[in-house]
Amino acid sequence: MSCSLIGIILVQAYYINNSIQNSENQFNFNVKKALSYVSNTIENEEKEDYLRKFNDLLSQGAINVNDTTAIINIYLKEDNPENNQTVIYRNGIFEENYKVSSSLFDIGYDSVNVKRILQKRETETIENNSVDGSKNLSAMLSKLSKINESTHIALETVYKDKAYLKPLHKRVDADKINRLLVLKLLEDDINIGYEFAIYSNGLATKVKTENFHLDQNKASTFSVPFFYNENDDSNYRLLVNFPERKKFILSSVLTMLILSIVFTLIIIIAYSSALYQLIKQRQISEIKTDFINNMTHEFKTPIATINLALDSIRNPKVIDDKEKVLRYLGMIKEENKRMHAQVENVLRISKLEKNELNISKERVELNDLVEDAITHVELIVEDRGGHIETHLNAEKSSVLANETHFTNVLVNVLDNAIKYSPEQPKIIVTTELAGNNILVHIKDHGSGMSKVAQKRVFEKFYREHTGNIHNVKGHGLGLAYVKRIVEDHHGHISVESEKEKGSTFTIKLPLIS
């Protein structure tokens with residue numbers, strides 16, 4: 001069961017981790033796709049706008065292309081009133097024809113025609129005051145009726161050359177990037193906040209959002225090239241950060257994650273409960289076995305004594321001896337009382353659990369109850385060569401208690417101290433005041449108990465497990481009864497003990513004025 005449970009948890013963790021990884025990969029793919037779309041869209045729109053303006057100039061006859069010795073030859077004239085300059089741009093693909101002596105090639109002809117095709121691009125800036133007003137740029141160009149394929153390619157080169165000279169913030173603005181990016185991200189259900197900026201050669205440009213910060217964690221920063229040049233290279237990069245990226249990715253698997261955790265917890269709790277019940281049942285079984293063994297020994301001795309006494313009385317030599325008969329009858333009575341007391345303890349605990357035991361309380365002096373309880377066990381202690389030392393230091397000892405039951409409580413604790421003193425019993429009983437409470441300490445110098453036993457000594461039927469050794473008679477009910485009676489008197493009982501050094505039981509009760 002444990003291996004299966006661990007396996008289930010590991011499998012769940014594996015699949016959840018895979019789901020998160022897949023969601024992260026899908027998110028990264030969608031973001032990169034959106035960035036590429038934004039970059040391409042903005043660049044294409046700029047290029048189409050430039051070509052449209054060029055076509056307008058062409059239709060107006062403002063631009064001509066010479067296609068004689070040049071395959072394509074384009075001239076553009078731009079006036080800049082801000083600095084009083086005219087910029088003339090030229091881009092052309094030329095064909096040059098050569099005749100070369102055949103002796104160079106040794107092929108049997110007088111001469112060989114050689115063609116060379118080359119491209120030329122140049123930009124000339126002229127101050128307006130130095131340009132002849134009669135100079136007409138159109139006169140330098142011949143008429144071009146339409147833009148063919150080769151012309152379109154040349155125009156793209158023209159566009160890239162001219163656009164490269166313009167500042168970035170005049171080519172694109174943050175609002176346009178944001179609008180395109182939002183629309184594209186929403187197509188893939190990505191609706192979280194982001195910050196973006198365009199960097200040029202690693203430096204930030206003016207085109208960015210206010211809160212953009214370059215994240216050192218590359219995993220959370222996405223970038224694509226922006227505005228390619230004629231060499232399909234770019235100095236610009238569009239960078240985007242998603243501050244809530246991790247939260248968004250987790251939210252995509254949140255339902256599955258929560259359900260998985262809930263069901264796994266249910267399995268763990270159910271398994272733990274079953275395991276706890278198994279352990280508890282095993283402990284109860286051990287306690288029950290120990291209890292039966294002890295009860296068997298408890299009853300075996302008095303029954304054997306009673307049988308021996310009865311057999312002795314039936315002996316013709318004894319039955320006429322009145323003194324011996326009375327002695328054996330006294331033994332039978334004592335052993336009968338002993339068994340009766342054990343049965344009473346069991347019944348008393350049962351009544352306490354059912355709340356059927358009627359305990360009436362009255363004002364009593366606890367010091368007097370302590371002295372009375374000591375008289376019940378004094379002869380037993382003296383018979384074993386021990387003694388009980390008292391220090392009734394509490395000046396006030398009035399408590400609300402049931403005299404009979406509380407006397408039994410004290411007798412049970414004292415009897416416990418006597419039973420667990422292998423040598424001569426040495427018991428010290430002390431009373432003292434602690435605020436509005438009175439404390440009774442009963443200390444012995446006996447065998448003591450383990451830490452585990454201290455925690456469970458007040459449980460019903462519990463006795464420290466000793467296997468088949470029954471050197472201390474008892475049934476594990478006395479201290480359980482003591483605890484219930486003390487608590488019924490709104491008091492508290494505790495124990496401190498150390499193996500081979502003895503135990504100290506402390507009873508605390510509230511005083512009455």
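Residues numbered from 1 in each chain as written. Predicted model: local features only at pLDDT ≥ 70, side-chain atom pairs only at ≥ 80, totals over all residues. Heavy atoms only, no water.

**Here we look at the confidence of the model for the chain**
We apply this condition: Confidence per residue, as judged by the predictor, is encoded in pLDDT with a range of 0 to 100. The contact criterion used is simple: two residues touch if any of their non-hydrogen atoms lie within 4.5 Å.
In the predicted model, the chain carries a mean pLDDT of 76, and the fraction of residues at 70 or more is 68%. Of the regions scoring below 50 in pLDDT, residues 130-147 engages in 29 contacts with residues more than four places distant in sequence or in other chains. Taken as a whole, residues 466-475 scores under 50 in pLDDT and shows 26 contacts with residues more than four places along the chain or in a different chain.

**Focus on the sheet that holds strand β14 (residues 502-510)**
What counts here: Pairs of strands are assigned from DSSP output, requiring at least two bridges between the strands. In this text, helices come from DSSP runs of H or I with a minimum length of four residues, and strands from runs of E with a minimum of two, each type numbered from the N-terminal end. With axes taken as lines fitted to C-alpha atoms, and helix axes fitted only over the stretch in contact, angles between N-to-C directions fall between 0 and 180 degrees.
Here we have 5 strands laid out as an open sheet, ordered β9-β11-β12-β14-β13, and mixed in their pairing. Of all the strands in the sheet, just β9 (387-392) and β13 (492-498) have a single pairing partner and so form its edges. Neighbouring strand axes in the sheet, compared pairwise and without regard to direction, differ in orientation by 15° on average. In the sheet, β9 pairs with strand β11 (residues 426-434) via 6 bridges, with the strands oriented parallel. What sits directly across from His387, in β11, is Lys426. Packed onto the sheet, helix α10 (residues 403-419) meets β11, β12 (437-443), β13 and β14 and runs at close to 170° relative to β14.

**Examining the packing of aromatic side chains**
Basically, it comes down to this: The pairing test for Phe, Tyr and Trp rings, Trp by its six-membered ring, is centres within 6.5 Å, and the orientation test on the planes gives stacked under 30 degrees, edge-to-face over 60, and tilted for anything in between. Whether a charge sits over a ring depends on NZ of Lys or CZ of Arg being within 6 Å of the ring centre and within 35 degrees of the ring normal.
With the rule as written, the count across this model stands at 9 aromatic pairs. Chaining the aromatic ring pairs together yields one cluster made of Phe27, Tyr194, Phe196, Phe222, Phe242 and Phe248. Just above the ring of Tyr37 sits the side chain of Lys184; from NZ or CZ to the centre is 4.7 Å.

**A look at the pattern of salt bridges**
Operational definition: Criterion for a salt bridge: a side-chain nitrogen of Lys or Arg within 4 Å of a carboxyl oxygen of Asp or Glu. To sort residues, take the accessible area from a 1.4 Å probe on protein chains only and compare it with the maximum for the residue type: under 20% means buried, over 50% means exposed, and anything in between is partly exposed.
Under the criterion given, the structure shown has 7 salt bridges. In this structure, Lys184 engages Glu187 in a salt bridge whose closest nitrogen and oxygen atoms are separated by 3.2 Å. Taken together, the positions of Lys184 and Glu187, both in helix α4 (residues 174-187) and 3 residues apart, correspond to about one turn of that helix. Given a relative accessible area of 15%, Lys184 falls into the buried group. Residue class for Glu187 comes out exposed when judged on its relative accessible area of 55%.

**What about a negative patch on the surface?**
Condition: Patch members must show over 30% relative accessible area and no salt bridge, and they are joined within 9 Å when carrying like charges or within 5 Å when they are nonpolar side chains of Val, Leu, Ile, Met, Phe, Trp or Tyr. Computed with a 1.4 Å probe, the accessible areas rest on the Shrake-Rupley method; for each residue, only the protein chains presented here act as cover. Counting rule applied: Lys, Arg positive; Asp, Glu negative; His and chain ends not counted. Just so you know, the charge point we use is NZ for Lys, CZ for Arg, CG for Asp and CD for Glu.
A grouping of Glu362, Glu365, Asp368, Glu371, Asp372 and Glu403 is seen on the molecular surface, where their side chains present a negatively charged patch. Secondary structure elements with two or more residues in the negative patch: β8 (362-365) and α9 (366-383). Ranked by residues supplied to the negative patch, first place goes to α9 with 3 residues. Among the secondary structure elements, Glu365 is positioned in strand β8.

**Thoughts on the side chain of Thr205**
Here is the rule: Two N or O atoms count as a polar contact when they lie within 3.5 Å, although within protein this holds only if one can serve as hydrogen donor and the other as acceptor, and sequence-adjacent residues are included solely when both atoms are side-chain atoms.
Tracing the backbone through its elements, the reader meets Thr205 in strand β5 (residues 203-208). Thr205 gets classed as buried once you look at its relative accessible area, which sits at 16%. Of the polar contacts made by the side chain of Thr205, one reaches the backbone oxygen of Ile198; its length is 2.5 Å. Contacts of Thr205, omitting those with residues within four sequence positions, involve Leu168, Ile198, Tyr199 and Ser200.

**Considering the packing of α9 against α10**
What counts is decided by this rule: We call two directions roughly parallel when the angle between them is under 35 degrees, roughly antiparallel when it is over 145, roughly perpendicular when it lies between 65 and 115, and oblique otherwise. For any pair of crossing helices, the crossing counts as left-handed if the nearer helix is rotated counterclockwise from the farther one by less than a right angle, and right-handed if it is rotated clockwise. When residues are grouped by polarity, Ala, Val, Leu, Ile, Met, Phe, Trp, Tyr, Cys and Pro land in nonpolar, Asp, Glu, Lys and Arg in charged, and all others, Gly among them, in polar.
The contact between α9 and α10 brings their axes to 9 Å, and the two run at 45°. For the element pair α9 / α10, the angle class is oblique. In the packing of α9 onto α10, the handedness of the crossing is right-handed. Contacts between α9 and α10 involve Leu366, Leu369, Val370, Asp372, Ala373, Ile374, His376, Val377, Ile380 and Val381 from the former and Glu403, Phe406, Thr407, Leu410, Val411, Leu414 and Ile418 from the latter. A class-by-class count of the residues in the contact of α9 with α10 yields 13 nonpolar, 2 polar and 2 charged.

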